[in-house]
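In case you want the letters, here they are:
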Amino acid sequence: MSRVKTALRTPWFWAIVGIAVLLLINTIKNPAYLALSVNPTTGLLTGNLLDILRVSAPIIMIALGMTFVIATEGIDLSVGSMMAVGGAVAMQTLSTLDDPTSVGAMLAAIGLALALAIVLGAVNGLLVAVVGLQPFISTLIMMLAARGIARVITDGQNTNATNEPFRQLANGQILGLPTSFVLAIAIVVTIALVMRRTALGLMIESIGINPKASRLAGIRPRPILFGVYILSAALAAVGGLFSVSEVMTVSVSGTGNLMELDAILAVVIGGTSLAGGKFSILGSTIGALLIATLNKTVLFLGIPAAATPAFKALVIIVLVLLQSERVRSFVFGRGKPSGTPTSPSTPAGTESTPVTKEVVA
Amino acid sequence: MAHSKRMLGIVGFIGAGALALGLAGCAGGGADAGDSGDNGSDLTTVGFVAVGPEGGWRDANEQAIKDAFTEEAGFDLKYAPASSPTDQKSQLDAFSTFVNDEVDVILLTATEASGWEDSLELAQEAEIPVILLDRGVDASDDLYVTRIAPDNVAVAATVGDWALETYPEGANYYTLEGVPGLSVVNERNEGFEAAISGADGWNKIGAQTANWTADEGKSVIETVLKENPDLQFIFAQNDEMGIGAAAAVTAAGLVPGTDVKIATIDGTTPALEALAAGELSFVAQYNPFFGDLAVDAVNDALAGNDVEKTIIVPGETFDSPEAAQAAIDAGKGF
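Residues numbered from 1 in each chain as written. Chains lettered and ligands numbered in written order. Predicted model: local features only at pLDDT ≥ 70, side-chain atom pairs only at ≥ 80, totals over all residues. Heavy atoms only, no water.

This next bit is on the pairing of strand S7 (residues 203-209) of chain B. Regular strands show a simple pattern: their side chains alternate between the two faces of the sheet. Residue and element names in this part refer to chain B. Note: strand S6 (residues 172-177) against S7, six bridges, orientation parallel. Across the sheet, the residue bridging to Tyr-174 is Gly-206, located in S7. Once you follow S6 into helix H6 (residues 183-196) and on to S7, the crossover reads as right-handed. (Pairing = 2+ DSSP bridges. Helix = DSSP H or I, 4+ residues; strand = E, 2+ residues; numbered from the N terminus. Right-handed = clockwise from strand over helix to strand, strands pointing away.)

Right, here's the structure in full:
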């Protein structure tokens, strides 16, 4: 009983409900929506679910980096532009190398992209941790600068390249799952272990709660702030690599455009407080999956282009309202100590369905 | 220590100042040289109020203008790009500088349509003809000689005409649109729909924005193909989205060009390469190369001849790998 209650209070619980509802709507439209099959021509497993996992990989990456930045009471507005930088470096490297189809070329492209992202992330860290600028301003500057840098790297062109190993990042599969998704989850698990098995995660949270007190307690905020901005930039570059490997083209103005907003939303839906001081890696990952599901649902339902932002906004507003303690107690009845454990979740499910359906119609 | 730091600051300040002055001197010197050259010979001075670096199309377009207005052709072109593609103020300043310098003709590609009346009236008082390139302005058409531009409706209509020929019995088609709300998007829809309207068998499966980008184009089409395996034709409103659509068609195990044909607008080099490789089936060029049309218009205006108020730049279309390869070899990509 208490476990169900805890689940209801966990913010990402509602994100999972959201994903389930969206998938349900799609299945109602076409009962074969969830079906997986093997494509006879390519020999790969195909299905809408796999598409969702694949397109979620870049969002998971930027949301993961954003999680730690937000936990330090900061924000990183440059992740979308950083994706463009990562993609631009990779495409430019692959299109200029002599032997562009080898694995070595792919590793060189990835290495250079990460190296530049780390430098730019360090600039963010420098502006925030040493110069003491507001993170909002520092990363806003970087958001503009990084897109300019991407433009300079590709000479203003939308550069394309051919490299089969690199293309497999997004288009290949490992055990039937999209390669980029598998890699993204591996990165998430690794970073979660590092954060939670060491004191690093705790230090990030303590800086977010009270930087002065944590300094008095012996935690030096500067290297940690540097670290989170570098990590965020590097992960965003990885997201950019996943994104450009889809089509092997970088669009200097389009790649990662407005993705910083997706990242912030994923983090907030996942239950990380914008006031800093706590973070949920699992929550952010589920939030990223929700945004990917939402993007694909919009396409599947064929919602007119003009109405798309409104539809997405409505779904997210419903979710955020469900997460709010006050709205929940208002909707489900205040102070019902012995409410049956299943009853709160059932009306929630049935209630949010008509809301979203109404929008669809 | 503090003293020397301060000295260092002063030295730095003076150094920066000297550098700035030097640069200004250089710029001034360059302009003077241009003027004296102009006075010495019979070159026609043309002031070009331009947009500057904005993207592949704009670069190709402004380069074409620069290539056409050469000294050999009898022109002294003064190129004044905006400080950013959205900065109208620097364009207004450049425009009034050209009027004060009494250039012979002004070419204008406006960053914004509104707010040009006063400047255009000044030019008219000074009897300097103004020719609009690509973008129009919200002003009375008495204030300028002509507007030279490719026409989105006409370009999209060529896609529709080709589609009618390729699918005489009609087809299930899908439209990948650009960023919602832009006039380009509406005009390209209008031209295509008008061309195929009235023909039988055309079944629009849907339309969705892919925000001009390849990865979103791929994402949209892969989902559409799952629901509509009988899709035959995709009209992508720019090259990038078409290239993304081709990737989605391939990933679905279908063959672009055979199972699903894709037509795009713009005619960038990557699209011509994709057409040459058989991934795209048709590319309609939104033609940036109208330097010679601009030269003709300038000469007509100076000679006092009548000039049409709108000159539509005809665009080439490419419908086969061979045509695409020839276009790439001829340097028609951008």
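After that view of the structure, there is still more to cover.
Turning to the interface of chain A and chain B, a few remarks are in order. Each partner contributes residues to the interface: chain A has 30 residues there, and chain B has 28 residues. When the two sides are added together, the surface that chain A and chain B hide from each other amounts to roughly 2200 Å², 47% of it contributed by carbon and sulfur. Together, Val-247, Leu-299 and Ala-305 of chain A form the three largest contributors to the area buried by chain A at its contact with chain B, with a combined 25%. Seen at the junction of chain A and chain B, the total is five salt bridges. The tally of links between chain A and chain B comes to 13 residue pairs in polar contact (both at pLDDT 80 or more). Among the elements of the structure, helix H3 (48-71) and helix H13 (281-301) of chain A are those that each provide at least two residues to the side of chain A that touches chain B. Along the lines of polarity and charge, the residues of the side of chain A that touches chain B split into seven nonpolar, 17 polar and six charged. (Contact = heavy atoms within 4.5 Å. Buried area = accessible area lost by both parts, 1.4 Å probe. Salt bridge = Lys/Arg side-chain N within 4 Å of Asp/Glu carboxyl O. Polar contact = N/O pair within 3.5 Å; in protein donor to acceptor, adjacent residues only side chain to side chain. Nonpolar A, V, L, I, M, F, W, Y, C, P; charged D, E, K, R; others polar.)

So, about empty space enclosed by the protein. The method is simple in principle: a probe with the dimensions of a water molecule rolls over the atoms, and the space it marks as empty is what remains. Evaluated as defined, the whole model comprises two cavities of 30 Å³ or more. The computed volume of the second largest cavity comes to approximately 40 Å³. What lines the second largest cavity is simply Ser-243, Val-244, Val-247, Thr-249, Ser-251 and Thr-255 of chain A together with Thr-213, Ala-214 and Asp-215 of chain B. Elements that contribute at least two residues to the lining of the second largest cavity include exactly helix H11 (221-245) of chain A together with helix H7 (214-227) of chain B. Of the residues assigned to the lining of the second largest cavity, the class counts are three nonpolar, five polar and one charged. (1 Å grid on protein atoms, 1.4 Å probe; cavity = no way out; pocket = protein on both sides within 12 Å on 5 of 7 lines; lining within 4 Å. Points joined across faces, edges and corners; volume = space filled by probe spheres on them.)

A few words now on the packing of aromatic side chains. Residues and elements named next belong to chain B. For the coordinates displayed, the defined rule picks out 17 aromatic pairs over all chains. By the ring-pair criterion, three or more aromatic residues cluster together here, those being Trp-162, Tyr-167, Tyr-173, Phe-192, Trp-202, Phe-233, Phe-235 and Phe-282. Just above the ring of Tyr-79 sits the side chain of Lys-66; from NZ or CZ to the centre is 4.0 Å. (Phe/Tyr/Trp six-rings, centres within 6.5 Å; stacked < 30°, edge-to-face > 60°. Lys NZ or Arg CZ within 6 Å of the ring centre and 35° of its normal.)

Attention now moves to the sheet that holds strand S5 (residues 146-150) of chain B. Residues and elements named next belong to chain B. If you walk across this open sheet you meet the six strands as S2-S1-S3-S4-S5-S11, and the pairing is parallel. Strand pairing shows two members of the sheet lacking a second neighbour, strand S2 (75-81) and strand S11 (310-313), which therefore form its edges. Recorded for the sheet is a direction-independent mean angle of 20° between the axes of neighbouring strands. Pairing geometry for strand S4 (residues 130-133) and S5, over three bridges, is parallel. When the bridges of S5 are listed, Ile-131 appears paired with Thr-146. (Axes fitted to C-alpha atoms, helices over the stretch in contact; angles between N-to-C directions.)

With that settled, the discussion passes to helix H8 (residues 179-197) of chain A. Helix length check: H8 of chain A, at 19 residues, gives a terminal C-alpha distance of 27 Å against a target of 27 Å (1.5 Å per residue), a fit within 8%. Buried residues of H8 of chain A: Thr-179, Ser-180, Phe-181, Ala-184, Val-188, Ile-191 and Met-195 of chain A, and no others. (Expected span 1.5 Å × (residues − 1). Buried < 20%, exposed > 50% of the residue type's maximum accessible area, 1.4 Å probe, protein only.)

A word on unusual backbone geometry. What is expected of a backbone is that most residues other than glycine have negative phi and most peptide bonds are trans. Phi at Glu-73 of chain A takes a positive value of approximately 70°, unusual for a residue other than glycine. With respect to the helices and strands, the residue Glu-73 of chain A is situated in the loop between H3 and helix H4 (79-96). If you check the backbone angles, Glu-102 of chain B has positive phi at about 55° while not being a glycine. Relative to the assigned elements, Glu-102 of chain B resides in the loop between helix H3 (88-100) and strand S3 (105-108).

Chain-level statistics for chain B give a pLDDT mean of 85 and a share of 88% at 70 or above. Taking the mean pLDDT of every element in chain B, the minimum, 48, falls on helix H1 (residues 2-40) of chain B and the maximum, 96, on strand S8 (residues 233-236) of chain B. (pLDDT = per-residue confidence, 0-100.)

We now examine a nonpolar patch on the surface. Residue and element names in this part refer to chain A. On the surface, Leu-126, Val-130, Val-131, Leu-133, Phe-136, Ile-137, Leu-140 and Ile-141 cluster together into a nonpolar patch covering about 630 Å² of accessible area. Sorting the residues of the nonpolar patch by element identifies helix H5 (103-131) and helix H6 (135-153) as the ones contributing at least two each. Mapped onto the secondary structure, Ile-141 falls in helix H6. Judged by relative accessible area, which is 43%, Ile-141 ranks as partly exposed. (Patch = residues over 30% accessible without salt bridge, like charges linked within 9 Å, V, L, I, M, F, W, Y side chains within 5 Å. Areas by Shrake-Rupley, 256 points an atom, 1.4 Å probe, with all protein chains shown as cover.)

So, on to the environment of Gly-172 of chain A. Residues and elements named next belong to chain A. The topology assignment puts Gly-172 in the loop between helix H7 (164-171) and strand S3 (173-174). Looking at Gly-172, the relative accessible area reads 3%, which means it is buried. Setting aside residues no more than four positions away along its own chain, Gly-172 makes contact with Arg-167, Leu-177, Pro-178 and Thr-179.

Residue and element names in this part refer to chain B. The buried fraction of S2 is high, at five of seven residues. Where strand S1 (residues 44-50) lies against S2, seven bridges are found, and the strand directions are parallel. Within the sheet, the bridge partner assigned to Thr-44 lies in S2 and is Phe-75. Viewed along the sheet, the connection from S1 through helix H2 (residues 56-68) into S2 turns out right-handed.

All names here are of chain A. With 92% of its residues at a pLDDT of 70 or more, chain A shows a mean pLDDT of 87. Within chain A, helix H16 (residues 342-360) has the poorest average pLDDT of any element, 39, and H8 the best, 96. Scored below 50 in pLDDT, residues 337-361 shows 21 contacts in the model against residues more than four places distant or in partner chains.

What follows concerns a negative patch on the surface. Residues Glu-117, Asp-118, Glu-121, Glu-125 and Asp-138 of chain B make up a contiguous surface patch of negative charge. Following the sequence through the fold, Asp-118 of chain B ends up in helix H4 (residues 117-125). (Lys, Arg positive; Asp, Glu negative; His and termini not counted. Charge placed at Lys NZ, Arg CZ, Asp CG, Glu CD.)

Pairs can form between side chains of opposite charge once their charged atoms are near each other. Under the definition given, this model contains 15 salt bridges over all chains. Notably, a salt bridge pairs Glu-227 of chain B with Lys-29 of chain A, separated by 3.7 Å at the nearest N-O pair. Residue Glu-227 of chain B is located in helix H7, and its partner Lys-29 of chain A is located in helix H2 (residues 11-29); the two belong to separate chains. The class for Lys-29 of chain A is partly exposed, based on a relative accessible area of 42%. For Lys-218 of chain B, the salt bridge identified is with Glu-246 of chain A, shortest N-O distance 2.9 Å. Of this pair, Lys-218 of chain B sits in helix H7 while Glu-246 of chain A sits in the loop between H11 and helix H12 (259-269), placing the two residues on different chains. For Glu-246 of chain A, a relative accessible area of 10% gives the class buried. Through salt bridges with shared partners, one network takes in Asp-51, Arg-54, Glu-246 and Lys-296 of chain A together with Lys-218, Glu-222 and Lys-226 of chain B.

Another aspect to go through is the environment of Gly-156 of chain A. Locating Gly-156 of chain A in the fold gives a position in the loop between H6 and H7. Residues in contact with Gly-156 of chain A, not counting those within four places in the same chain, are Arg-151 and Val-252 of chain A together with Gly-56 of chain B.

Membership of the largest hydrophobic core comes to 101 residues, with the highest contact counts inside it found for Met-61, Met-66, Phe-68, Met-91, Leu-94, Phe-166 and Ile-204 of chain A. No other element matches H3 of chain A, which puts 16 residues into this core. Setting aside anything within four residues of it in sequence, one finds Ile-204 of chain A in contact with Phe-68, Ala-71, Thr-72, Met-195, Ile-224, Val-228 and Phe-279 of chain A. Residues Ile-65, Val-155, Trp-162 and Phe-282 of chain B belong to the second largest nonpolar core, which totals 44 residues. (Core = buried A, V, L, I, M, F, W, Y, C linked by side-chain atoms within 4.5 Å.)

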